[in-house]
Amino acid sequence: MNEAVVVGGGPVGLVAAILLKRKGFAVTLLEREDALGGLMRSLPVIDGFEFDNGTRFAPRLGDAALDVELSPASGDWLEFNQLLSGTFFAGRLQEETAFADINGLPTGILQAVEEGYFNARNSADSHASVEDHVRDRFGAAALEHVFEPALAKITGLSSGELSPGVAGLYGLSRLVMFTPERTRELKADPAHDARLAFHSRDEGAPSHPDRVFRYPRRGGIGLWARRLEEIARAEGITIRTGTAAERVEPVSGGGVRLSLPGGEVLTTQKLVWSVPGALLLRAAGALPPGPPPRMTSGLTLFHFVVDRTFATDLFYITNYDPAFASYRVTLYPNVQGGPVREGQYHLSVEVILNAQRAEAPPSGVIADELVRMGVLAPGSRVLAEAVTHVRQGFPLPTPGLAAQLKTHGELLADIFPGTIVLGRGQAGVFFLRDALGECVRALA
């Protein structure tokens, strides 16, 4: 039996290990943390409730057998072809679409944005930054009053420092503008259709039937990660937590040697690396000199249990308004079809820490923001609360990062030609569903 090693015990690493085992490999999975699941773990930080590390849904993998094993046939899981998401911007909660509604801007600014939109070149030219991209696509006023403040809130950087495709990554590829009737007229033209969003998610192209998201009827998304771990252990995969590869080097004639703590050595013909490729280059002593990628500082998550049903039916809300610290709000009872306990409703709020916001505000400020956003009804009382931190930030999509990832990919292909590097943060992969899809394709 061939030997394979998977580095990284998040969802991508777990799926890779299972697929390799089913192809006949004897698989060892290494995870530096004490538990598997990565950011898909749940947090029982308040008695009787499970919270997630932000908004998390389990996507369909694309491997028929594994999808069946993860399917909610027992009724313990819910499936969605469309997630009920909304946005908050310029003092307005938009419940009917996941795109930012700018109609709450002050009249003079709104007029300037609308005029600038019609005067924008909207060319097919390539752009050096999101600043150039947005100015060309939506106009200078939209850049100044919509995109610049929203993207600075998320990334901590100016639009001139970010890659052209960043707006789309953060859900800002289209805007809700004008009236619903005027939008319908304009969207008949492809040039407007690509920039404007309908005012309602019920309009336009329906969600793709194969794009399925899952969430447990009770508990948190960590149940999905634990199910993956159960499958991996049942397959006989050797799982070693609290273990990281200190040195990785190619072996003459093929294969890879991994040096572990305490002098232990693993040699494998098949290595799958599901954590950032830069860590593999560093372990090989081949990381090119240069500044590290610019990163966020992590997340602070506020978890609340309140005494009243929420004032919205949305599953989650993205807050683009720079006047608010809250970025994304997840409303678990809305997803799960009801509260875990009668009269008690739990939610999580993400606050991104970056160069512009080094610390999160007190929990009372976040609770007040939830009322101002229209998430909590006035008079709602917080019954319990907890604060957790995700120390691991995410690399910011700058032109420098794109160039760095390209260089790293070329080096890895040269030094480790048989190694498969997967996961979020690799070139062209930003979302978990895409990383998992790439994993399945690579190991099919």
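Further up the page is the structure itself.
Residues numbered from 1 in each chain as written. Predicted model: local features only at pLDDT ≥ 70, side-chain atom pairs only at ≥ 80, totals over all residues. Heavy atoms only, no water.

Q: Explain the sheet that holds strand E16 (residues 270-273) to me, please; I cannot follow it from the model alone.
A: Backbone-to-backbone hydrogen bonds join strands into a sheet, with any given pair of strands oriented parallel or antiparallel. Pairing is parallel across the open sheet formed by five strands, whose spatial order is E12-E2-E1-E16-E22. Looking along the sheet, the strands with just one partner apiece sit at the ends: strand E12 (238-241) and strand E22 (420-421). Sheet topology note: the E16/E22 ladder contains two bridges and is parallel. Counted as the bridge partner of Trp 273 is Val 421 from E22. (Pairing = 2+ DSSP bridges. Helix = DSSP H or I, 4+ residues; strand = E, 2+ residues; numbered from the N terminus.)

Q: I tried to follow empty space enclosed by the protein on my own but got confused; where do I start?
A: The gaps left among the atoms become clear once a water-sized probe is rolled over them. Taken as a whole, this structure holds two cavities of 30 Å³ or more when the rule is applied. Estimates place the volume of the largest cavity at around 40 Å³. Contributing to the lining of the largest cavity are Lys 153, Ile 154, Ala 325, Tyr 327, Val 351, Ile 352, Asn 354 and Arg 357. Breaking the lining of the largest cavity down by element, the ones donating at least two residues are helix H5 (140-155) and strand E20 (345-353). When the residues that make up the lining of the largest cavity are grouped by side-chain class, the tally is five nonpolar, one polar and two charged. By volume, the second largest cavity amounts to about 30 Å³. In terms of lining, the second largest cavity is formed by Ser 297, Gly 298, Leu 299, Thr 300, Leu 353, His 389, Val 390 and Arg 391. (1 Å grid on protein atoms, 1.4 Å probe; cavity = no way out; pocket = protein on both sides within 12 Å on 5 of 7 lines; lining within 4 Å. Points joined across faces, edges and corners; volume = space filled by probe spheres on them. Nonpolar A, V, L, I, M, F, W, Y, C, P; charged D, E, K, R; others polar.)

Q: Can you walk me through unusual backbone geometry in this structure?
A: Leaving glycine out, the prevailing phi sign among residues is negative, and the prevailing peptide bond configuration is trans. Phi at Ala 90 is positive, roughly 55 degrees, even though this residue is not glycine. With respect to the helices and strands, Ala 90 occurs in the loop between strand E7 (85-89) and strand E8 (92-94). Here the phi dihedral of Asn 122 falls at roughly 50 degrees; this positive angle occurs in a residue that is not glycine. Turning to its location among the elements, Asn 122 is positioned in the loop between helix H3 (107-119) and helix H4 (130-138). Using a relative accessible area of 24% as the deciding quantity, one classes Asn 122 as partly exposed. (Buried < 20%, exposed > 50% of the residue type's maximum accessible area, 1.4 Å probe, protein only.)

Q: What exactly am I supposed to notice about the pattern of salt bridges here?
A: Pairing between side chains of opposite charge can happen when their charged atoms approach one another. Counting across every chain of the model gives 22 salt bridges. Two residues, Arg 182 and Glu 185, come together in a salt bridge whose shortest N-O distance is 3.5 Å. Of this pair, Arg 182 and Glu 185 both sit in helix H7 (residues 180-186), three residues apart, which is roughly one turn of the helix. Take Glu 185: its relative accessible area is 55%, and that puts it in the exposed class. (Salt bridge = Lys/Arg side-chain N within 4 Å of Asp/Glu carboxyl O.)

Q: Where do I start with the packing of aromatic side chains in this structure?
A: The description of an aromatic ring pair rests on the distance of the ring centres and on the angle between the ring planes. Within this structure, the stated rule accounts for 12 aromatic pairs. Measuring from ring centre to ring centre gives 5.9 Å for Tyr 117 and Phe 178, while their planes differ by 65 degrees; the resulting arrangement is edge-to-face. Taken together, the residues span a long stretch of sequence, with Tyr 117 in helix H3 and Phe 178 in the loop between strand E10 (175-176) and H7 at a distance of 61 residues. Each member of the aromatic cluster is reached from another via a ring pair, and the members are Phe 57, Phe 80, Tyr 215, Phe 315 and Tyr 316. Above the ring of Phe 324, the side-chain terminus of Arg 372 is found at 4.4 Å from the ring centroid. Its guanidinium or amino end placed over the ring of Phe 431, Arg 433 lies 5.0 Å from that ring's centre, counting from NZ or CZ. (Phe/Tyr/Trp six-rings, centres within 6.5 Å; stacked < 30°, edge-to-face > 60°. Lys NZ or Arg CZ within 6 Å of the ring centre and 35° of its normal.)

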